[in-house]
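# A closer look at the structure
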Amino acid sequence: MPSNNMLDSEKISYWEQKTFFKNIDYLIIGAGIVGYSTALHLKESHPEAKIVIIERGFLPSGASSKNAGFACFGSATELFSDLQTSPEDEVWKTVSLRWKGLQYLRKIIGDSQLKLEINGSWDLITSKEENLFELVKEQLPYYNKKIKAITGEAETYTIDSNISSKFGFEHVKTSIFNRLEGQIDTASMNHAFYKKVIDKNIHVLFGIEAKTLNNNTITSSQGEISADKIAICTNGFGASLIQEDVKPARAQVLITRPIPNLKIKGTFHYNEGYYYFRNIDDRILFGGGRNLALEEETTTNIANTDLILESLKSILNEVILPKTDYTIDHNWAGIMGVGKSKQPIIKQLDANTFCGVRLGGMGVAIGTLVGKELANLIRSVQ
Ligand SMILES: Cc1cc2nc3c(=O)[nH]c(=O)nc-3n(C[C@H](O)[C@H](O)[C@H](O)COP(=O)(O)OP(=O)(O)OC[C@H]3O[C@@H](n4cnc5c(N)ncnc54)[C@H](O)[C@@H]3O)c2cc1C
């Protein structure tokens with residue numbers, strides 16, 4: 001076992017040194033879904049191992065605790081767009097990974113802890129998108145066949161042209177319904193992950209940022225920490241630690257105050273998925289608009305911008321809640337990790353370091369499986 005030179009030693013007692021920083025078998029950087037899942041899977045096969053997760057924030061500060069909580073594997077317009085830009089095999093492989101990942105998340109955390117509701121999702125189509133709609137509509141029988149091969153379920157996608165009268169939308173001509181998609185409570189999922197790792201005697205240390213990495217040792221905001229094996233699960237924040245094709249992608253979100261008699265129920269994609277919204281606790285949670293300023297949104301700065309908030313507010317007013325009195329309660333931002341491909345990077349970087357990053361906008365779906373695969377990879381090179 002390597003020894004540890006962590007230490008702003010006067011601030012750390014012998015007991016703390018011994019418990020948290022000496023003889024670490026697995027050091028995991030990042031307390032998101034991937035970090036938690038990697039730790040849980042390593043513990044499963046190595047119950048005696050000392051596993052420490054470090055997290056730079058006082059709370060987990062990545063996407064896992066900021067996201068919209070869509071349990072989704074692919075809307076029809078998203079599939080259409082992906083099939084224009086990526087090889088067909090890769091597109092269906094990703095859909096399959098998302099579907100399997102969601103089933104695995106349900107198995108690990110449980111539907112009641114996730115507060116999972118399968119209310120379905122809708123791709124909202126405006127009159128400007130009629131050409132696109134006709135093209136996607138033609139493909140639906142094919143998509144349904146492919147999805148059946150993955151999920152075992154027939155007729156996943158159907159046209160729902162009554163959507164506006166049902167939920168009171170404006171400027172929405174028709175929609176494509178996906179009956180298998182659902183929604184979770186993001187906070188409840190994260191808390192369940194946290195409780196699971198604590199129950200397994202895995203240490204989670206908040207407020208420690210890894211700055212550089214050298215073999216078995218990281219230099220952190222608190223000093224050096226060494227471990228037998230290091231797993232980097234920092235998703236969009238990895239730039240100082242790894243040289244892989246993963247860039248930050250900021251996503252901005254707002255939420256209304258509770259709206260009496262809110263009818264809207266489910267998850268929704270608007271403007272080819274550039275915007276997304278859902279109901280939660282009688283409120284509307286609404287995010288998106290990154291396409292308005294892609295360069296500016298390639299950042300790890302966790303902040304909102306007027307440009308994007310104004311666009312969210314105007315769509316909320318004109319399309320989603322045009323006939324409803326509401327007020328906005330809160331807004332926030334989260335950082336995703338994206339790259340040229342939509343596939344995650346699960347990789348050994350050198351003898352003792354590994355990474356599981358680039359989860360894009362689908363980490364709720366695939367994060368638990370990515371953690372499992374990363375743990376398997378680490379175990380395979382013991
Ligand atoms: C607004 C928003 C909405 C989204 N909606 C959905 C959705 O509806 N459905 C879906 O499937 N996905 C969604 N996503 C994407 C999903 O949340 C992510 O793909 C997923 O959470 C990534 O998990 P992760 O564990 O890889 O990364 P993260 O959750 O980002 O975890 C990485 C952690 O590492 C920490 N960290 C980073 N650098 C360091 C360092 N140097 N030292 C120590 N700690 C560090 C970070 O603080 C962070 O907590 C959304 C994302 C956002 C931002």
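Structural notes, computed from the coordinates. (Residues numbered from 1 in each chain as written. Predicted model: local features only at pLDDT ≥ 70, side-chain atom pairs only at ≥ 80, totals over all residues. Heavy atoms only, no water.)

### Overview of the overall build of the protein chain
Each helix and strand in the protein chain was counted, giving 10 helices and 18 strands. Radius of gyration (C-alpha) of the protein chain: 22 Å, near the 21 Å computed for a compact globule of 382 residues. Each of the 382 residues in the protein chain was classed as buried or not, and the buried ones make up 56%. When contacts within the protein chain are restricted to residue pairs at least 6 apart in sequence, long-range pairs at least 24 apart make up 74% of them. Within the structure as shown, the protein chain displays about 17200 Å² of accessible surface, and the carbon and sulfur contribution to it stands at 48%. Here the protein chain contributes 42 positive and 44 negative side-chain charges, whose respective centroids are spaced 4 Å apart. (Helix = DSSP H or I, 4+ residues; strand = E, 2+ residues; numbered from the N terminus. Rg over C-alpha atoms; globule rule 2.2 N^0.38 Å. Buried < 20%, exposed > 50% of the residue type's maximum accessible area, 1.4 Å probe, protein only. Contact = heavy atoms within 4.5 Å. Areas by Shrake-Rupley, 256 points an atom, 1.4 Å probe, with all protein chains shown as cover. Lys, Arg positive; Asp, Glu negative; His and termini not counted. Charge placed at Lys NZ, Arg CZ, Asp CG, Glu CD.)

### Topic: helix α3 (residues 76–85)
Among all positions of α3, only Ala76, Thr77, Leu79, Phe80 and Asp82 are buried. Buried-residue contacts for α3 involve α4 (88–109), β4 (121–125), α6 (130–151), β5 (157–159) and β6 (174–178).

### Examining the environment of Ile242
In this structure, Ile242 sits in the loop between β11 (223–232) and β12 (247–256). With relative accessibility at 5%, the residue Ile242 sits in the buried group. Each C-alpha atom of the pair Ile242 and Ile24 lies 21 Å from the other, and the pair is 218 residues apart in sequence. The residues touching Ile242, leaving out its near neighbours within four places in the chain, are Ile232, Leu349, Cys355 and Val357.

### Examining the environment of Val253
Structurally, Val253 can be placed in strand β12. On the basis of relative accessible area, Val253 is assigned to the buried category, the value being 4%. When the C-alpha positions of Val253 and Asn331 are compared, they lie 5.6 Å apart, and in sequence the two are 78 residues distant. In contact with Val253, not counting residues within four places along its chain, are Tyr276, Leu285, Phe286, Gly287, Asn304, His330, Asn331 and Trp332.

These figures capture arrangement, not role.
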